[in-house]
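Descriptive analysis of the structure
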Amino acid sequence: MEKIRDDFADSDLRPQEKLVLAWTDAFLADAHASPELQREVLAHFAPAQLVELAAANAIFMGFSKIALALGDVPEDLPLMEQATPDVA
C-alpha cells in the first residue's frame, strides 16, 4: 500500500502498475487522461481491460462517496489487503 501513495512514479512498481495508477489518478481527478497517457495505456492494455478498470474505478469511487455521505469509514472497520495477480 505504501507504494501507491502520491510518489508511485518513483517507486519500484512495474511499469504496467504505474500506468494503472496514473490512469486511476486521471480518472479520479477529472475523468480525462492526457492524450499521451491514453496512447501509453492503449499500448500496454487491451480496450476491454481499460473498460474493466474504468468500471472498477467508478464502483470504488461510488462506494467512497457513499461512505463519506454516511459519515466516513468507522475507525474499527477491519481491513484486508489482497495481492493482485501478476500482469503479463
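As the structure is a prediction and not an experimental result, all values here were calculated from the model.

What follows is about helix H3 (residues 47-69). It helps to recall that an α-helix has 3.6 residues per turn; residues three or four apart then point in one direction. Compared with an ideal rise of 1.5 Å per residue, which puts 23 residues at 33 Å, H3 spans 33 Å between its outermost C-alpha atoms and is within 8% of the ideal. Among all positions in H3, only Leu50, Leu53 and Asn57 are buried. Where the residues of H3 are buried, they touch helix H1 (15-30) and helix H2 (35-44). Of the residues one or two after H3, Gly71 is the one with positive phi, at around 105°.

Here we come to the confidence of the model for the protein. Interpreting fine coordinate detail is not advised for predicted regions of low pLDDT. Chain-level statistics for the protein give a pLDDT mean of 82 and a share of 86% at 70 or above. Mean pLDDT values for the elements of the protein range from 86 in H1 up to 91 in H2.

Here we come to the environment of Ala33. Tracing the sequence through the fold places Ala33 in the loop between H1 and H2. What makes Ala33 buried here is its relative accessible area of 17%. As for Ala33 and Trp23, which are separated by 10 residues in sequence, their C-alpha atoms are 6.7 Å apart. Setting aside its immediate chain neighbours within four residues, Ala33 contacts Trp23, Ala26 and Gln38.

Parameters at a glance
- Residues numbered from 1 in each chain as written.
- Predicted model: local features only at pLDDT ≥ 70, side-chain atom pairs only at ≥ 80, totals over all residues.
- Heavy atoms only, no water.
- Helix = DSSP H or I, 4+ residues; strand = E, 2+ residues; numbered from the N terminus.
- Expected span 1.5 Å × (residues − 1).
- Buried < 20%, exposed > 50% of the residue type's maximum accessible area, 1.4 Å probe, protein only.
- Contact = heavy atoms within 4.5 Å.
- pLDDT = per-residue confidence, 0-100.

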